[in-house]
Protein chains: 2
Amino acid sequence: MGRLQAAAFELFAEQGFERTTVAEISRRAGLTQRTFFNHFADKREVLFGLGSEFQREIVRELVACAGTLPPLDAVVRALQAASDAMFEERRAVVKRRYEIIAANPELQERELRKQAELTDAIAAALRGRGLDPETALLTASAGMLVQQTAVRRWTQPAESRPLRELLSDALHSLRTIAAHATDQWVASPET
Amino acid sequence: MGRLQAAAFELFAEQGFERTTVAEISRRAGLTQRTFFNHFADKREVLFGLGSEFQREIVRELVACAGTLPPLDAVVRALQAASDAMFEERRAVVKRRYEIIAANPELQERELRKQAELTDAIAAALRGRGLDPETALLTASAGMLVQQTAVRRWTQPAESRPLRELLSDALHSLRTIAAHATDQWVASPET
């Protein structure tokens, strides 16, 4: 699976996602198309299959973690555990994946939709822990914001810190941004 | 423009977005197709045109507001001003718009993309005020989260409070969620 993924990512980068066929990917990996289809439904799955696994991992962590944790802490902790397990060793692959997606509007839309699905899955897990639906969704969305911020930094050329640490950093940044805000404008709207 | 929009939304709700033509919309509004095309490039624009105007309004507010405001405050304040100007009187229309989009995956993807564009526009305005790119993007994204949370509540059947107030509420909720979090897990990863 790693060989197929590496071959696919090379070809996507060389000649674009759309022009690359499953036959070419299999050939480059030195494997048969049958082997390809044992692992992936189609070439898009090479890009998005990992996301489904990541989602299952996070939900599993959320269900398992201590019920006394504040919700956003629980989400970031789950993201850290899933990142350790799935992303930390694959910085170059994840970075290349983002570049491929950024070059193709159709893939970008699918990525946005996948992120929305992950947000919903996290929110569902939080509701399962007794959170009201609105707080669950807001917490899940805040967690996704932390995730996106951390991954964006993690895939910068000059960045060498582990994703776990950048997740903590991003949570800290979000907390700082939110804490500085005040909400005193209801009584005195601008005109 | 309001008549065309009302007619379009009725037809989208009655027979679906895809099956509705510009000819039907114009006829229902009692206007010519030429008038339709004076206001909208196509039928999708009836759904998304308001978003472009909303974006311009927010960016204008952000550029104009006092430089001493904390950034997320500035964003929420701009959202409140733009909401007062554009959304407050149109709760039913905005609500129907969401229902139409929710029923069509292609429109959902376009909506996600529009939201990403708005986030980028807000981030650019914040960078223009001297914020570093990373804080600007995180602040813009947090602002969008506040916006989405507030609009979702505002379009609930039982909800009668103005959007301005719900924006304040959502900001408060985000602050509470973020404040409860702690980031002590870097040093002691789960295994």
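Every chain begins its residue count from 1, and numbering advances along the sequence as written. A letter from A marks each chain and a number from 1 marks each ligand, given out in the order of writing. Per-residue local features of the predicted model are confined to residues with pLDDT of at least 70, and side-chain atom pairs are confined, for both listing and counting, to 80 or more; whole-chain, interface and lining totals are unaffected and use all residues.

- As annotated in an unreviewed UniProt entry, chain A carries the name Transcriptional regulator, AcrR family and is attributed to uncultured Thermomicrobiales bacterium.

### As for the overall build of chain A
In step 1: For chain A, the count of helices and strands is nine helices and zero strands.
In step 2: Only DSSP runs of H or I covering at least 4 residues are called helices, and only runs of E covering at least 2 are called strands; the numbering of each starts at the N terminus. For chain A, the N- to C-terminal ordering of α and β elements is α-α-α-α-α-α-α-α-α.
In step 3: In terms of its C-alpha atoms, chain A occupies a principal-axis envelope of roughly 65 × 40 × 30 Å.
In step 4: Any residue with 12 or fewer other C-beta atoms within 10 Å of its own C-beta is exposed, any with 20 or more is buried, and the rest are partly exposed; the C-beta atoms used are placed from the backbone. Expressed as a percentage of the 191 residues in chain A, the buried residues total 37%.
In step 5: Contact criterion: two residues are in contact if their C-beta atoms, reconstructed from the backbone, are within 7 Å. Pairs at least 24 residues apart make up 57% of the contacts formed inside chain A by residues separated by at least 6 positions.

### Overview of the domain arrangement of chain A
Residue and element names in this part refer to chain A.
In step 1: Along its sequence, chain A is organised into domain 1 (1-40) and domain 2 (44-175).
In step 2: Each of domain 1 and domain 2 was reduced to a C-alpha centroid, and the two centroids are 26 Å apart.
In step 3: On the side of domain 2, 10 residues touch domain 1, which itself brings eight residues to the contact.
In step 4: The residue inventory of the side of domain 1 that touches domain 2, partitioned by class, reads seven nonpolar, one polar and no charged. Residue ranges assigned to each domain were obtained from an automatic or database domain assignment. The classification used treats Ala, Val, Leu, Ile, Met, Phe, Trp, Tyr, Cys and Pro as nonpolar, Asp, Glu, Lys and Arg as charged, and all other residues, Gly among them, as polar.

### Looking at helix α2 (residues 22-29) of chain B
All names here are of chain B.
In step 1: All buried positions along α2 are accounted for by Ile-25, Ser-26 and Ala-29. Here the buried residues of α2 occupy an arc of 95 degrees about the axis, which is enough to place them on one side.
In step 2: On its buried face, α2 sits against α1 (2-15), α3 (33-39) and α4 (43-64).
In step 3: Directly after α2, the chain includes Gly-30, whose backbone phi takes a positive value near 70 degrees. When we speak of the arc, we mean the arc of directions from the helix axis to the C-beta atoms.

### Examining the packing of α4 of chain B against helix α5 (residues 71-86) of chain B
Residue and element names in this part refer to chain B.
In step 1: The convention used is that axes are lines fitted to C-alpha atoms, helices contributing only their stretch in contact, and that angles between N-to-C directions extend from 0 to 180 degrees. Running from N to C, α4 and α5 cross one another at 135 degrees; their axes reach a closest spacing of 9 Å. Considering their axes alone, α4 and α5 lie oblique with respect to each other. Pair α4 / α5 crosses with right-handed handedness. When α4 is examined against α5, the residues Leu-50, Glu-53, Phe-54, Glu-57, Ile-58, Glu-61 and Leu-62 are found in contact with a partner set consisting of Ala-74, Val-75, Ala-78, Leu-79, Ala-81, Ala-82, Ala-85 and Met-86.
In step 2: Tallied by class, residues from the contact of α4 with α5 come to 12 nonpolar, no polar and three charged. For classification, angles of less than 35 degrees are called roughly parallel, those exceeding 145 degrees roughly antiparallel, those between 65 and 115 degrees roughly perpendicular, and all remaining angles oblique. If you view the pair so one helix is near and one far, a crossing is left-handed when the near helix is turned anticlockwise from the far one by less than a right angle, and right-handed when it is turned clockwise.

### A short note on the relation of the copies chain A and chain B
In step 1: Each copy of the sequence occupies a distinct position, and chain A is placed on chain B by a rotation of 180 degrees and an axial shift of 0.0 Å, giving an RMSD of 0.0 Å. Such values leave the two copies arranged in the relation of a two-fold axis. Taking the C-alpha atom as reference, chain A places Glu-109 of chain A closest to the rotation axis, 2.9 Å from it.
In step 2: The share of interface residues of chain A whose copies in chain B are also at the interface is 100%, consistent with both copies meeting through the same surface. Residues below a pLDDT of 70 in either copy are left out; the C-alpha atoms of the rest, at least 70 in both, set the least-squares superposition of the copies.

### Details of the interface of chain A and chain B
In step 1: Counting from both sides, the interface comprises 39 residues of chain A and, opposite them, 39 residues of chain B.
In step 2: For the side of chain A that touches chain B, the class distribution of residues is 19 nonpolar, 10 polar and 10 charged.

### Topic: the UniProt feature "DNA-binding region" (unreviewed entry) in chain A
In step 1: The positions UniProt marks with the feature "DNA-binding region" (unreviewed entry) are residues 21-40 of chain A.
In step 2: Here residues 21-40 of chain A is 75% helix and 0% strand, with 13 Å between the C-alpha atoms at its ends. UniProt positions are given in the numbering used here, feature names are shortened, and annotations may be inferred rather than shown by experiment.

### Let's talk about the nonpolar core
In step 1: Formed by 69 residues in total, the largest nonpolar core has its most connected members in Ala-142 and Leu-174 of chain A together with Ala-142 and Leu-174 of chain B.
In step 2: Other than its neighbours up to four places away in sequence, Leu-174 of chain B contacts Leu-138, Ala-142 and Ala-178 of chain A together with Ala-142, Leu-145 and Val-146 of chain B. One nonpolar core equals one set of buried Ala, Val, Leu, Ile, Met, Phe, Trp, Tyr and Cys residues connected by C-beta atoms within 7 Å.

### Section: the confidence of the model for chain A
All names here are of chain A.
In step 1: In the predicted model, chain A carries a mean pLDDT of 88, and 94% of its residues have values of at least 70.
In step 2: Confidence scores per residue from the predictor, reported as pLDDT, run from 0 to 100. Below a pLDDT of 50 lies the segment residues 183-191, which in the model reaches 13 contacts outside its immediate sequence neighbourhood of four places, other chains included.
In step 3: For this predicted complex, the interface score ipTM comes out at 0.80, alongside a pTM of 0.83.

### Quick notes on the environment of Arg-60 of chain A
In step 1: Residue position: Arg-60 of chain A is located in helix α4 (residues 43-64).
In step 2: Each C-alpha atom, one on Arg-60 of chain A and one on Ala-78 of chain A, is 8.3 Å from the other, the two residues being 18 residues apart in sequence.

### A few points about helix α8 (residues 133-154) of chain B
In step 1: A helix's residues, less one, multiplied by 1.5 Å, set its expected span. Compared with an ideal rise of 1.5 Å per residue, which puts 22 residues at 32 Å, α8 of chain B spans 31 Å between its outermost C-alpha atoms and is within 8% of the ideal.
In step 2: The buried fraction of α8 of chain B is high, at 16 of 22 residues.

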